Amino acid sequence: MSEHETSTSTPSNFIRQMIDEDIAANKNNGKVATRFPPEPNGYLHIGHAKSICLNFGIGEDYKGTCNLRFDDTNPHKEKLEFVESIQKDVRWLGFDWGKQHYFASDYFEQLYDFAVQLIQKGKAYVCDLNAEEMREYRGTLTEPGKDSPYRERSIVENLELFAKMRAGEFEDGTKVLRAKIDMTSPNINLRDPTIYRIRHGVVHHQTGESWVIYPMYDYTHCLSDSIEGITHSICTLEFEDHRPLYDWFLDTLETASHPQQIEFSRLSLQYTITSKRKLTSLVDDGHVASWDDPRMPTIAGMRRRGYPPEAIRDFCSRIGVTKSENTVEMGVLENCVREALNEHAPRRMAVLNPLKVVIENYPEGQVEQLQVANHPQDESMGKREIPMSREIFIDKDDFLEVAPNKKFKRLTLGGEVRLRNGYVIRCDEMINNDNGDLIELRCSYDPATLGANPEGRKVKGVIHWVSAEHGIKAEVRVYDRLFNHPTPDSAKDGQEYTVHLNPESMAILQDCVLEPALACAKQGDRFQFEREGYFCKDPAVSATGLPVFNRTVSLRDSWAKIEKEAAKSA
RNA sequence: UGGGGCGUCGCCAAGCGGUAAGGCACUGGGUUUUGAUCUCAGCAUGCGCAGGUUCGAAUCCUGCCGCCCCAGCCA
């Protein structure tokens with residue numbers, strides 16, 4: 001693993017308990033083999049992270065294996081770009097599939113042979129019903145379906161027809177291969193499901209144009225699992241109804257191995273969506289800039305936002321694995337991110353909304369290099385120099401002419417504050433422009449207060465600052481939730497989920513001033529800007545050529561809470 | 001109204017017949033040159049509801065109620 005490692009022992013869950021029991025019973029000779037089977041039709045998101053941590057985590061902890069297998073049976077929706085992004089994201093999360101890297105399309109020939117076997121056993125037939133007719137024949141949830149008129153074709157005829165399907169002799173949609181199971185089953189998945197369809201003219205990212213028939217998920221997945229010797233095939237709850245089908249194919253074909261399908265509930269995160277269709281449309285319709293837009297709940301987005309991979313893994317272990325519906329609060333993820341970053345991110349000072357301060361009794365032309373710790377609790381992170389001079393910037397929010405209440409600890413006219421890592425200053429005068437806007441503060445400093453408390457008085461507040469002459473300009477992007485509804489995905493009222501998009505999900509601050517040590521930050525480097533939050537250097541450069549930093553997450557802010565309460569009661 | 005699941009604190013989640021873990025959130029105290037961090041304390045006589053079995057039930061039984069998924073030639 002390339003990133004810092006926080007050793008969090010994975011809590012057990014019902015799946016691990018089942019595996020423990022299997023091992024105790026010496027099932028599969030005690031071996032454990034899982035797989036993570038994404039379809040390359042989009043970028044991975046936080047929900048996939050849960051599945052990745054589950055499957056790869058089990059592979060590691062049980063000294064077994066976890067295959068990466070692309071479920072690439074629908075070339076219409078799939079792209080090489082997505083297989084590449086998926087590989088990158090899994091690796092970045094900290095998992096390694098070794099040589100166990102497969103595509104379902106690797107098995108197309110074997111899958112075809114299995115289908116021939118099914119036909120020979122009288123368990124599959126070529127059906128000429130079109131999509132609409134097939135829907136009619138399927139029946140409904142409460143009424144049984146009826147047999148297709150093509151259901152009793154002879155084995156010989158089916159064999160011949162299926163070979164012609166492969167040879168490209170039929171148009172799209174004119175024929176399918178179906179499993180012959182039970183049109184009256186109360187489980188709709190068992191009403192003679194389609195297992196092969198015809199698709200001319202699509203270039204598959206792996207197999208090119210060598211196939212014009214493509215197998216369906218239910219048929220492909222169980223057989224791929226079996227071919228790879230998977231022992232525990234873990235998937236989400238909506239496939240529970242498909243398990244009888246999964247088992248039917250493996251039993252009917254008498255395969256050498258019969259993996260066990262186990263279902264768990266997918267993750268929902270408040271204020272986000274994890275539907276691939278909707279994520280795709282966010283990108284395609286321009287609601288976000290790209291799949292790795294820092295507001296996206298994708299792995300790539302979170303990486304660019306500055307989330308450390310260990311925070312995501314920690315999150316996945318904290319939320320647990322069960323079969324119950326769940327919607328996890330954002331606070332849990334944010335807490336994981338803060339926890340990881342608090343420990344590892346070096347501290348820096350950055351002024352996001354600059355207000356100029358002239359320290360009138362500070363000698364003109366004097367520059368002091370202050371030695372400052374990179375981390376208040378971790379000396380091993382070393383020190384850096386911060387220049388102090390007569391003119392500095394502080395944040396506009398850290399000054400108010402008159403304190404609004406006794407709890408206010410920042411700078412006021414006539415009041416004192418500590419400059420973080422520096423001196424105590426007092427504000428003597430406010431300078432306004434012609435419009436009456438505050439543009440500058442005149443202050444004085446107490447030279448005896450560097451690393452020492454002032455004589456005879458207490459200074460409660462501490463504010464951050466940057467030397468005006470030495471600071472570097474930067475753009476800072478401050479993100480908020482992409483949606484302003486806790487469950488934007490559940491559009492019960494028939495509304496499009498886009499009505500819940502938060503128009504203020506990104507604020508761009510272009511006049512920020514950073515301490516000079518930040519000049520050598522490399523893309524992806526993560527810092528705490530003291531009193532502001534955690535930030536990450538973005539690969540982009542601003543329109544005006546400035547470096548760009550993304551706010552990963554704010555610091556926990558109990559003052560904001562107090563202000564909110566005050567505003568409420570006022 | 002067919003089939004398959006799920007209901008334990010605001011949100012997750014342990015619990016597997018012996019008397020409700022933990023995390024997040026929240027509330028209050030302490031330390032602090034980040035209103036951060038750290039730290040201490042508090043936070044379900046109660047497990048969807050109603051009966052029953054038992055010395056004893058969140059755990060077993062029965063009956064209700066609520067929520068989710070399934071009628072793609074998507075996965």
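Note that residues are indexed from 1 along each chain, following the sequence as it is written. Chain letters and ligand numbers both follow the written order, the letters beginning at A and the numbers at 1. Residues qualify for local features only when their pLDDT is at least 70, as the model is predicted, and side-chain atom pairs are given and counted only at 80 or more; totals for whole chains, interfaces and linings, by contrast, use all residues. As a rule here, side-chain values cover all heavy atoms of the structure and leave hydrogens and water aside.

Draft legend 1. Examining empty space enclosed by the protein more closely. Detection works on a 1 Å grid of protein atoms alone, calling trapped sets that fit a 1.4 Å probe cavities and calling open sets with protein on both sides within 12 Å along at least five of seven lines pockets, with lining residues defined by an atom within 4 Å of a point. Grid points are joined across faces, edges and corners, and a volume is the space filled by probe spheres set on the points. What the rule picks out here adds up to one cavity of 30 Å³ or more. Per the convention used, a helix needs a DSSP run of H or I reaching at least four residues, while a strand needs a run of E reaching at least two, with both numbered from the N terminus. Only α7 (217–227) and α8 (243–252) provide two or more residues apiece to the lining of the largest cavity. Here the residues of the lining of the largest cavity are counted per class, giving three nonpolar, three polar and one charged. Basically, the charged four are Asp, Glu, Lys and Arg, the nonpolar ten are Ala, Val, Leu, Ile, Met, Phe, Trp, Tyr, Cys and Pro, and anything else, Gly included, counts as polar.

Draft legend 2. Expanded view of the protein's contact with RNA strand B. Put simply, a residue is near a molecule or strand once any heavy atom of it comes within 4 Å of that molecule or strand. Residues in contact with RNA strand B amount to 69 residues; listed here are only the nearest, Thr73, Arg347, Arg420, Gln528 and Arg556. Near-protein atoms of RNA strand B (within 4 Å) split between backbone and bases, with sugar and phosphate holding 65%. One of the side-chain nitrogen or oxygen atoms of glutamine 17 is found 2.9 Å away from a phosphate oxygen of RNA strand B. Polar contacts here mean pairs of N or O atoms no more than 3.5 Å apart (in protein, one a potential hydrogen donor and the other a potential acceptor; neighbouring residues in sequence count only if both atoms are side-chain atoms). Between a base nitrogen of RNA strand B and a side-chain N or O atom of glutamate 530, the distance comes to 3.2 Å.

Draft legend 3. The arrangement of the side chain of lysine 180 in detail. You can see lysine 180 is positioned in the loop between β5 (176–179) and β6 (194–198). Within polar-contact distance, the side chain of lysine 180 engages the backbone oxygen of arginine 151 at 3.2 Å. In this view, lysine 180 contacts Gly122, Lys123, Ala124, Tyr125, Arg151, Glu152, Asp192 and Trp248; residues no more than four positions away in its chain are not counted. We call two residues in contact whenever any of their non-hydrogen atoms come within 4.5 Å of each other.

Draft legend 4. Quick peek at the layout of surface pockets. Here the second largest pocket is characterised by a volume of approximately 1,300 Å³. If you go around the second largest pocket, you meet 36 residues; those closest to its centre are Arg410, Asp557, Trp559, Ala560 and Glu563. For the lining of the second largest pocket, the secondary structure elements donating two or more residues are β27 (547–554) and α13 (558–569). Here the lining of the second largest pocket is built from residues that sort into 12 nonpolar, six polar and 18 charged. Domain extents, as shown, originate in an automatic or database domain assignment. Domain assignment of the residues forming the lining of the second largest pocket places at least three in each of domain 2 (276–346 + 474–569) and domain 3 (350–464).

Draft legend 5. Examining unusual backbone geometry more closely. Unlike most non-glycine residues, asparagine 29 shows phi in positive territory, near 55°. Only protein chains enter the area calculation, which uses a 1.4 Å probe; residues under 20% of their type maximum are buried, those over 50% are exposed, and those in between are partly exposed. With a relative accessible area of 64%, asparagine 29 lands in the exposed category. The phi dihedral of lysine 63 falls on the positive side, at around 50°, and the residue is not glycine. Examined against the element boundaries, lysine 63 turns out to sit in the loop between α2 (46–61) and β2 (65–70).

Draft legend 6. Summary view of the domain arrangement of chain A. Domain annotation of chain A identifies domain 1 (3–266), domain 2 (276–346 + 474–569) and domain 3 (350–464). A C-alpha centroid distance of 29 Å is found between domain 2 and domain 3. Each side of the interface is counted separately: domain 2 has 21 residues, and domain 3 has 23 residues. Around 1,800 Å² of area is buried between domain 2 and domain 3 when both sides are counted, 55% of it from carbon and sulfur atoms. Each of two parts loses accessible area, computed with a 1.4 Å probe, when they are put together; buried area is these two losses added.

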